[in-house]
Each structure stands twice: as C-alpha cells, then as structure tokens.
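Notes for the structure review
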Amino acid sequence: MAVKEIGKAKTKAEIIEILDANGIDFNITTCDGCERICISLDDIPDGCNTAIIVQTCNKDVLCKVYLNEIMFIAIENRKSVLYLTNKKIETHYSIDYWKEKLDKAIFVQPHYSYIVNLNYVDEVTKDFVKIKHSDKEYSVYTSSRKIGAFRKAFLKFGEA
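What you are looking at is a predicted structure, and each value in this text was computed from that prediction instead of being measured.

1. As for the pairing of strand E7 (residues 88–91)
- Burial along E7 is one-sided: Ile-89 and Thr-91 are buried, and none of Lys-88 and Glu-90, which face the opposite way, are.
- Strand direction decides the pairing type here: strand E6 (residues 79–84) and E7, joined by four bridges, are antiparallel. Bridging across to E7, Val-81 finds its partner in Glu-90.
- In textbook terms, the turn of a hairpin is the stretch between consecutive antiparallel strands, and for E6 and E7 this stretch comprises three residues.

Set out below in structure tokens:
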C-alpha cells in the first residue's frame, strides 16, 4: 500500500509523511551528480550511491565511479570511454563487461557501440539519442536492430 502512495507523491514532504504514517525507517538524501532524492530503507543499499572501481587505460590509475554519474559509455578506438557528469575515463573493458555490470533497467544499448543511462536521455529519434546534463549535450547513434528495444525500455523507465 505504501509503495503505491509513494509513487503518487509529488514532493519530499509527501514522501516523508507517507513513510512516517506507515512506520517505515528511512534516510532521505540528495545524491551527488543527480537531481533525484534518494531514499534508503534500513539495510537496502542506495542505488544512486553505488560505486565501482575502474582501472583506466593507464594501468597505474584506479578510479571510483558512481553509477549515477555515468551518462553513457562509448566504444572508441577499441577502448570503452565512460562519459561521466564531470569527466571522461578511458578503460580497456569490453562492452560485454559493462552490460553485465550495469543495471539493465537503467543502462540500455541503442547501438552496439553505446550503453546509455536513461536518466540522462533528453530525446530519442530513429537515428540518434540525445543525452543531456547541465550544459553538456551529446548525440549517440542508434541502430535499426536495437532502437525498438531501446524505445520500449525508455517508455517503461518513464512510467516508473
């Protein structure tokens, strides 16, 4: 019952009221790198703040990458490039590695060479996906084989 009520809530105050009324312990935070409010319930991990350690192309450098900061991943010159909200990181990981590692409900492929975080999608056409964050804007190609599944995932994501 509380989940349906929270889904209809439009403000932070309404969410707090619903959680309190149902006796649910929680923590509410605003995430770094995204504009969403994150709710932590007891021991449930907070998805927005989930991080992975990535080895860059310079093998001596390891970076901590928060998944909510990844706008998209592109394969460029046989390297996977992570386009983050604040920087770009080159790695030697394959696209298959990223497909296994990332949440398939949020990170979807519009093209064989790209994986896109649906949180940053601004527009979808048959030829490209526009990705936007503050003053940064990117266009990634779509393929005729993957665009249907991408659109379906984007529509489903918009309903959540």
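There is more to say after this.
2. Quick notes on the sheet that holds strand E5 (residues 70–76)
- If you walk across this open sheet you meet the five strands as E7-E6-E5-E9-E8, and the pairing is antiparallel. The outermost strands of the open sheet, each flanked by one partner alone, are E7 and strand E8 (107–111). Looking at each pair of strands side by side, their axes are set apart by 25° on average, direction ignored.
- Contacts from helix H4 (residues 147–159) reach E8 and strand E9 (114–117) within the one sheet, and its direction differs from that of E8 by about 150°.

3. Considering the packing of aromatic side chains
- Scanning the model with the defined rule gives seven aromatic pairs in all.
- Here Phe-72 and Tyr-114 contribute two aromatic rings whose centre-to-centre distance is 6.4 Å and whose plane-to-plane angle is 55°, an arrangement assigned as tilted. Of this pair, Phe-72 sits in strand E5 while Tyr-114 sits in strand E9; the two residues are 42 residues apart in sequence, bridging distant segments of the chain. Comparing Phe-72 with Tyr-114 shows no difference in burial state: the two are buried.
- Their ring planes at 80° and their centres at 5.0 Å tell us that Tyr-97 and Trp-98 sit as a pair that is edge-to-face.
- These aromatic residues form a ring-pair network of at least three members: Phe-72, Tyr-83, Tyr-114 and Tyr-138.

4. Considering the environment of Tyr-114
- Owing to a relative accessible area of 15%, Tyr-114 belongs among the buried residues under this scheme.
- Residues Tyr-114 and Ser-80, 34 residues apart in the sequence, show an inter-C-alpha distance of 9.1 Å.
- With residues up to four places along the chain from it excluded, the contact list for Tyr-114 reads Phe-72, Ile-73, Ala-74, Ile-95, Val-108, Gln-109, Val-140 and Tyr-141.

5. Looking at the pattern of salt bridges
- Evaluated as defined, the whole model comprises six salt bridges.
- A salt bridge links Lys-99 to Asp-96, with the nearest nitrogen and oxygen atoms 3.5 Å apart. Taken together, the residues span about one helical turn, with Lys-99 and Asp-96 both in helix H3 (residues 95–101) at a distance of three residues.
- Looking at Lys-99, the relative accessible area reads 32%, which means it is partly exposed.
- For Lys-130, the salt bridge identified is with Asp-122, shortest N-O distance 3.9 Å.
- On the basis of relative accessible area, Lys-130 is assigned to the buried category, the value being 17%.

Cut-offs used in this document
- Residues numbered from 1 in each chain as written.
- Predicted model: local features only at pLDDT ≥ 70, side-chain atom pairs only at ≥ 80, totals over all residues.
- Heavy atoms only, no water.
- Buried < 20%, exposed > 50% of the residue type's maximum accessible area, 1.4 Å probe, protein only.
- Helix = DSSP H or I, 4+ residues; strand = E, 2+ residues; numbered from the N terminus.
- Pairing = 2+ DSSP bridges.
- Axes fitted to C-alpha atoms, helices over the stretch in contact; angles between N-to-C directions.
- Contact = heavy atoms within 4.5 Å.
- Phe/Tyr/Trp six-rings, centres within 6.5 Å; stacked < 30°, edge-to-face > 60°.
- Salt bridge = Lys/Arg side-chain N within 4 Å of Asp/Glu carboxyl O.

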